[in-house]
Amino acid sequence: MTIRTLMVLICVSSVDPTTFPAAVEAGAAMVEIGNNDSYYETSRIFTPDEILNLTKETRRILPSIVLSVTVPRALSLPDQTKLAELLEEEGADVIQSEGGKCSSPSKPGALGLIEKGVGSAVNKLNDVVAMIAVVRSIADSICERKTMTEETTLRL
């Protein structure tokens, strides 16, 4: 008899950083500031300053968690670019853009979210080797940041 162990990493998404600690305590390995689609329906658009402040607050509360931040598609491209640069300075591990409701992932659940977000950028590449390199680069970057944060915490 063979027993298989499957490790599933959980990512929790919110626009309220105070909700993240309970999710992390319950086992979430990653948090995301995002999921803006539901807000667009009510004409609520988060400003770059709001996104930046949410990022700072999340980093203050959870300095070592893997943090993803979604840049709202409602912002102009120059504003999206500027915000992404500022988010990187504030320690966001993953910065993603929104695909909008017009994108139609072929898979449900998490696989569909990957297709809609990070996957859409990777799929624009014409070379499978380049695609693999980008995905590995993202994973390595997250692992490197997590290791650096853990080492800093141990030194304190």
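Our structure's up above, just so we're on the same page.
A brief report on the enclosed structure follows. (Residues numbered from 1 in each chain as written. Predicted model: local features only at pLDDT ≥ 70, side-chain atom pairs only at ≥ 80, totals over all residues. Heavy atoms only, no water.)

## A look at the overall build of the protein chain
Scanning the protein chain from terminus to terminus reveals 7 helices and 4 strands. Counting from the amino terminus, the protein chain carries its helices and strands in the arrangement β-α-β-α-α-β-α-β-α-α-α. In the form shown here, the protein chain has an accessible surface area of approximately 10,400 Å², with 58% of it arising from carbon and sulfur atoms. (Helix = DSSP H or I, 4+ residues; strand = E, 2+ residues; numbered from the N terminus. Areas by Shrake-Rupley, 256 points an atom, 1.4 Å probe, with all protein chains shown as cover.)

## As for the environment of V66
Locating V66 in the fold gives a position in strand β3 (residues 66-71). On the accessibility criterion, V66 (8% relative accessible area) is buried. Sequence separation between V66 and M30 is 36 residues; the distance between their C-alpha atoms is 4.8 Å. (Buried < 20%, exposed > 50% of the residue type's maximum accessible area, 1.4 Å probe, protein only.)

## Here's the deal with helix α4 (residues 77-89)
With 13 residues, α4 should reach 18 Å at 1.5 Å per residue; the first-to-last C-alpha distance of 19 Å fits that figure. Three or more residues of α4 are buried, namely Q80, L83 and L87. Down the axis of α4, the smallest arc covering the buried residues is 65°, so these residues share one side. Facing away from the buried surface of α4 by more than 90 degrees, the exposed residues are P78, E88 and E89. Packing partners of the buried residues in α4 comprise α3 (48-61), β3 and β4 (94-97). (Expected span 1.5 Å × (residues − 1). Arc of directions from axis to C-beta. Contact = heavy atoms within 4.5 Å.)

## Some remarks on the environment of F20
Secondary-structure assignment places F20 in helix α1 (residues 20-25). For F20, a relative accessible area of 1% puts it in the buried group. Expressed as a C-alpha distance, the spacing of F20 and I65, which sit 45 residues apart in the sequence, is 9.9 Å. Beyond its immediate chain neighbours, meaning those up to four positions away, F20 contacts V12, S13, S14, V31, E32, I33, T58 and L62.

## So, the pattern of salt bridges
Close approach of charged atoms lets side chains of opposite charge pair. According to the stated counting rule, one finds 3 salt bridges in the structure shown. Notably, a salt bridge pairs R44 with E50, separated by 2.9 Å at the nearest N-O pair. Overall, the relative accessible area of 30% leaves R44 in the partly exposed class. When the shortest N-O distance is used, the salt bridge between R59 and D93 registers 2.8 Å. Of this pair, R59 sits in helix α3 while D93 sits in the loop between α4 and β4; the two residues are 34 residues apart in sequence, bridging distant segments of the chain. Residue R59 shares its accessibility class with D93, and that shared class is buried. (Salt bridge = Lys/Arg side-chain N within 4 Å of Asp/Glu carboxyl O.)

## Remarks on α3
Taking 1.5 Å per residue, 14 residues should reach 20 Å; α3 reaches 20 Å between its end C-alpha atoms and fits that length. For α3, the set of buried residues is I51, L52, L54, T55, T58 and R59. Taken down its axis, α3 places every buried residue within 160° of arc, on the same side. Exposed residues lying more than 90 degrees from the buried face of α3 are D49 and R60.

## Things to note about the nonpolar core
Counting 17 residues, the largest nonpolar core has I33, I51, V69, L83 and L87 as the members making the most contacts within it. Of all the elements in the fold, those that place two or more residues in this core are β2 (30-33), α3, β3 and α4. Each residue touching I51, except ones within four places of it in the same chain, is listed here: F46, V69, T70, P72, L83 and L87. (Core = buried A, V, L, I, M, F, W, Y, C linked by side-chain atoms within 4.5 Å.)

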